[in-house]
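# Chain and residue survey
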Amino acid sequence: MASNSFLRNSRSARISSSGADPLQVGGRPPAGPPAPTVKFARRTQSGRYVRYSQDDLDSELGSGELSQEFLDYHVQIPATPDNQPMEMGVDPSITAKVEEQYVSNSLFTGGFNSVTRAHLMDKVIDSEANHPQMAGAKGSSCAIQGCDSKVMTDERGIDILPCECDFKICAECFNDAVQAGGGVCPGCKEPYKATELEEVVNNAGSGRPLPLPPPPPGVSRMERRLSLMRSQKMTRSQTGDWDHNRWLFETKGTYGYGNAIWPKENGGDGGNGGNGQPTELSSKPWRPLTRKLKIPSAVLSPYRLLILIRMVALSLFLAWRVKHKNEDAIWLWGMSVVCELWFTFSWLLDQLPKLCPVNRATDLSVLKEKFENNPTGKSDLPGIDVFVSTADPEKEPPLVTANTILSILAVDYPVEKLASYVSDDGGALLTFEAMAEAASFANLWVPFCRKHNIEPRNPESYFNLKKDPYKNKVRSDFVKDRRRVKREYDEFKVRINGLPDSIRRRSDAYHAREEIKAMKRQRETAGDDPVESVKIPKATWMADGTHWPGTWISPSSEHSRGDHAGIIQVMLKPPSDEPLYGNNDEDGPIDFTDVDIRLPMLVYVSREKRPSYDHNKKAGAMNALVRASAIMSNGPFILNLDCDHYVYNSQAFREGICFMMDRGGDRICYVQFPQRFEGIDPSDRYANHNTVFFDGNMRALDGIQGPVYVGTGCLFRRVALYGFDPPRSKDHQTGCCSCCFPQRRKKTSAVASEETRALRMGDSDEEEMNLSTFPKKFGNSSILVDSIPVAEYQGRPLADHPAVKNGRAPGALTIPRDLLDASTVAEAISVISCWYEDKTEWGQRVGWIYGSVTEDVVTGYRMHNRGWKSVYCVTKRDAFRGTAPINLTDRLHQVLRWATGSVEIFFSRNNALLASPKLKFLQRIAYLNVGIYPFTSIFLIVYCFLPALSLFSGQFIVQTLNVTFLTYLLIITLTLSMLAVLEVKWSGINLEEWWRNEQFWLIGGTSAHLAAVLQGLLKVIAGIEISFTLTSKSAGDDVDDEFADLYIVKWTSLMIPPITIMMVNLIAIAVGISRTIYSVLPQWSKLLGGVFFSFWVLAHLYPFAKGLMGRRGRTPTIVFVWSGLIAITISLLWVAINPPSANSQIGGSFTFP
């Protein structure tokens, strides 16, 4: 653990304080809520807390000038081989490593009007943590009496001992021994050979040079990163001029590559061509990372022609229907015509955006060549922050979330460029310890996946594969390794599944101990007086014997689901920038020789919640992660996944980055991957795969302005989430009148700086954004504001082509990541507090948008509305896989939530009718359809009753079934079928999936969509808020049948309309047939028309009826309900066939036998 001097040396200059007041985090003004004091503490073995207050920092930090640091932009020239600053005292990199170890073992808590604490945890979980990156990793304790600090360790977790006698001593005691003890080892009493801590660490390390020293006070971490990147500028691509002096400097092999060509020893011009460009570069052809695969014209041209033909046929048919009324049943004709007009309008909204479908492909070999084949040997790929959200460990099992985390940690992407964040919106200790167990198991699972190229990298899915696991495995030790990992995973599952009981037993034991202590104290105080029983709040206890700061099992004040402090725990600290290869350790379970054993950064986050605040559900949790990640890792790209969606393709991250890093990629706001599901019944009864949408509609939107955001499996550009406009937005006018009446650009006297020229918002006409306005938009965290231009620059494509207008230099991202310090994590605690978003634009323009159940669609719409483009990435091997509810009731509730969000969109300012001119016409139609499609349910449910009304009344929607009506009906039906066949051709789906989608369209339209319209109207008119429960991700109780949930019948009011439609149509068919058979003048044409449409309705409702019957061989309660309905039907038929009135026109003198 770091001492006060270490904390002072490693503290960056962005922290400010005033006078003797406690140090404030984030530079918040006095007008806002009181800034929390940050205190760092650890709990000793005796139970005593040792605190390190930030009041002990250097006095120059209290000048107050640094609180306005974000107003000025500074450039710090990095150290060069010819210009190394003079070292004084202990190397700051050493103290930074010490503090990072302290930070990774500390649980940070805090929030509104409370102290931010860093609680050093002796252990995070009951089992042993054996990876040096993991929180609570076991380390040796200092042997000095009275000191319980940990001995410094290297990257492998091996103790760093300064003396040959291997006397265990921490860094603080070592400094004391050198300064006050004459440099003598307290163990063997011999003088230390190395008295400098830096020398000791270097002797114990691998001999790699230490990183460059940090900048002097006054320069923030974010500014340092940007200045280092700018020092490696590729001048020719940016300005067109060749900087010969810089080229000479960079050829020393110190920085960068790209334009820097390492010359040969015999001199010459260094391989330059006649134009000043190196021959190696000028002769090398430029290759794109992605390419667009157009749909064959043999499929697309007939498809578009059929759409046109059907539009004409529908127009003529509707005109004919309006002109030819059914005078005998004008009410029936009127209802049918209104419904048909709406169906035509709805079909156009759905069909027009499908005119331009495209396919895309990526080239991963080009990505590797451009970003990883370089003289430095380091990756130049941008960083990715992965967000995984969970809220309720009961409905979202921790084992599922842990498997998702393991699949993320094992992806094929540079380890040092990856950071994973778990958002636990429930603040449950169960989730916390499950993530710690996952981090511990990752020490074995991730290197195993790298060694044997395992796919998929979700252990649960991998060990349940039906195919041969030994196919294409060439290493001789694979069978032994797999068997060992399988055994370890089974034990891991036992530990995860046993966590609820383990936590409960532990909490009960500690609670009993606390009650005994309280009773003893009360007896000592009371003396001989009678003692009453002591009632102590039943807390939830962590593995190290302290209270859990989040939600307790028995809720209490400040420890309930909606009332707890913010929590951040670095489960896996950031890895080193150099590979760390394993070895053949006899004690180790597997030989990891020549396998990189580093793990990506993993952080547990639970934002602060208080009863008086609106926390905005999932959207608020995601925005908290955006801010926390900007402080801690600041990856220019963000990938969000639901807790039940795991990485199925380890190359998926690279495929998404291909689009972002390609030419024109700086105008892409997100890359959406299709959702693929496991555990769906083979027949896909309720269209859970939703392939018509994911493989049809989304591919079509990709040919316009891009697919909609569907909530998971999406790779975002961070600055797009921040609400900025795309680069060169003024050069891309997409309005209807922009070609004829282009807008005049305002002249600006100043030229925008490189860092801010791509940071524009729609409400600003200036070329350069004023960074001083950022706190009003993003909050008062100066570190968050400083991180914005850094993330924008890191997310730019390579400037390796003249057409790249807003690129960055090759090699700019090869610099190592800054080490974590306590003040950084404390700032992250500040930005996830419940008050931080007050009076900012978070949720309004910045981040995930609030105010809708479907925050995903609204967030994507806002980006498209600002002129951004999105891309649909369909990989050969599914990128991600998840689960979907196969139970009918759960499926209907899921559709209800989506449809309710669409109704909210329609009645909000996010309606596509109010979109800006930057939204393309067909894209506007697609978003308009998103808000309108639930209203189709009103007309659909009326149309489903029309056949029954026709059969009951003996009339039809037309006067007679003449040739004209039948011809129109035939043309419309045939064109629809032919369109379906061609859509199957270009989308890759099959006809069965298309038919399942049609069936569930009617099931959902007559149940969930109708309820969504009613709820949406109640919210708009009466202001009644809508609350939804999470979709359960847990499996059924029947372990032997993975599809057990499919047969469970759970009653819901959403089933009433479809059941009514089925029963009414069945009765109507029976009545119509009996009426026609026993009629004096039978109307067979009207009967056939009514029966045909009734069977059309019943055919669509067949999966619904099958779901009501439950499992074959069992007799659910619904069967008895059906029996009663059939009895009523028979009674009605008896009355219709043999009415009591003698002069009835139905049946005549027929008597029932």
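Look at the link from Glu455 to Pro456: it is a cis peptide, with omega at -10°. Here Pro456 lies in the loop between helix 13 (429–452) and helix 14 (459–463). Positive phi outside glycine occurs at Glu558, with the angle close to 65°. Inspection of the secondary structure assignment puts Glu558 in the loop between helix 16 (499–526) and strand 9 (566–572). In the Ramachandran plot, Asp594 falls in the positive-phi region, its phi being about 65° despite a non-glycine side chain. By secondary structure assignment, the location of Asp594 is in the loop between strand 9 and strand 10 (601–606). When its relative accessible area of 65% is taken as the criterion, Asp594 is described as exposed.

Moving on to the pairing of strand 7 (residues 384–390). Extensive coverage of strand 7 is indicated by the burial of seven of its seven residues. Both faces of strand 7 are covered, namely the face carrying Ile384, Val386, Val388 and Thr390 and the face carrying Asp385, Phe387 and Ser389. The pairing of strand 7 with strand 8 (residues 418–424) spans seven bridges and is parallel. Among the inter-strand pairings, Val388 is bridged to a residue of strand 8, identified as Val422. Note that the unit made of strand 7, helix 12 (residues 398–409) and strand 8 has a crossover that is right-handed. The sheet contact formed by strand 7 and strand 11 (residues 637–642) spans six bridges and is parallel. The partner of Asp385 across the bridge, within strand 11, is Ile638.

Opposite charge on two side chains permits them to pair, given that their charged atoms come into close proximity. Per the counting criterion, the structure on display carries 45 salt bridges. For the salt bridge of Lys493 with Glu460, the shortest nitrogen-to-oxygen distance reads 3.6 Å. Of this pair, Lys493 sits in helix 15 (residues 478–497) while Glu460 sits in helix 14, and the two are 33 residues apart along the sequence. For Lys493, a relative accessible area of 23% puts it in the partly exposed group. On the accessibility criterion, Glu460 (26% relative accessible area) is partly exposed. Ionic pairing is found between Lys538 and Asp508, a salt bridge with its closest N-O pair at 2.9 Å. You can see Lys538 sitting in the loop between helix 16 and strand 9 and its partner Asp508 sitting in helix 16, a full 30 residues away along the chain. Since its relative accessible area comes to 36%, Lys538 is described here as partly exposed. One salt-bridge network, held together by shared partners, links Arg676, Glu678, Asp695, Arg699, Asp878 and Arg881.

Moving on, we come to a nonpolar patch on the surface. A surface patch of nonpolar side chains, amounting to about 440 Å² of accessible area, comprises Leu305, Leu308, Ile309, Val312 and Leu316. Its location among the elements puts Ile309 in helix 9 (residues 297–323). Given a relative accessible area of 38%, Ile309 falls into the partly exposed group.

With that settled, the discussion passes to the nonpolar core. One finds Tyr421, Ile568, Met632, Phe716, Tyr722 and Phe778 to be the most contacted residues of the largest nonpolar core, which totals 151 residues. Residues in contact with Ile568, not counting those within four places in the same chain, are Ser106, Leu107, Phe108, Val603, Tyr604, Val605, Met632, Val825, Ala828, Ile829 and Ile832. With 85 residues, the next largest nonpolar core counts Met660, Ile668, Cys873 and Phe880 among its residues.

The subject of this paragraph is a positive patch on the surface. On the surface, Lys292, Lys294, Lys869 and Lys920 cluster together into a patch of positive charge. Inspection of the secondary structure assignment puts Lys294 in strand 5 (residues 290–294).

Before going further, it helps to examine helix 26 (residues 921–932). Relative to the 16 Å expected for 12 residues at 1.5 Å per residue, helix 26 spans 16 Å between its end C-alpha atoms, a close match to the ideal helical length. Taken together, the buried positions of helix 26 are Leu922, Gln923, Ile925, Ala926, Tyr927, Leu928, Asn929, Val930, Gly931 and Ile932. Those residues of helix 26 hidden inside the fold are in contact with helix 10 (330–351), strand 13 (668–672), helix 19 (691–702), helix 24 (855–865), helix 25 (888–906) and helix 27 (936–953).

The next thing to look at is the packing of aromatic side chains. Following the criterion strictly, the structure yields 47 aromatic pairs and no others. Their ring planes at 65° and their centres at 6.4 Å tell us that Tyr709 and Trp848 sit as a pair that is edge-to-face. Residue Tyr709 is located in the loop between helix 19 and strand 15 (714–717), and its partner Trp848 is located in the loop between helix 23 (822–831) and helix 24; the two are separated by 139 residues in the primary sequence. A residue is classified by how much of its surface remains accessible, and Trp848, at 1% relative accessible area, is buried.

The rules we used
- Residues numbered from 1 in each chain as written.
- Predicted model: local features only at pLDDT ≥ 70, side-chain atom pairs only at ≥ 80, totals over all residues.
- Heavy atoms only, no water.
- Helix = DSSP H or I, 4+ residues; strand = E, 2+ residues; numbered from the N terminus.
- Buried < 20%, exposed > 50% of the residue type's maximum accessible area, 1.4 Å probe, protein only.
- Pairing = 2+ DSSP bridges.
- Right-handed = clockwise from strand over helix to strand, strands pointing away.
- Salt bridge = Lys/Arg side-chain N within 4 Å of Asp/Glu carboxyl O.
- Patch = residues over 30% accessible without salt bridge, like charges linked within 9 Å, V, L, I, M, F, W, Y side chains within 5 Å.
- Areas by Shrake-Rupley, 256 points an atom, 1.4 Å probe, with all protein chains shown as cover.
- Core = buried A, V, L, I, M, F, W, Y, C linked by side-chain atoms within 4.5 Å.
- Contact = heavy atoms within 4.5 Å.
- Lys, Arg positive; Asp, Glu negative; His and termini not counted.
- Charge placed at Lys NZ, Arg CZ, Asp CG, Glu CD.
- Expected span 1.5 Å × (residues − 1).
- Phe/Tyr/Trp six-rings, centres within 6.5 Å; stacked < 30°, edge-to-face > 60°.

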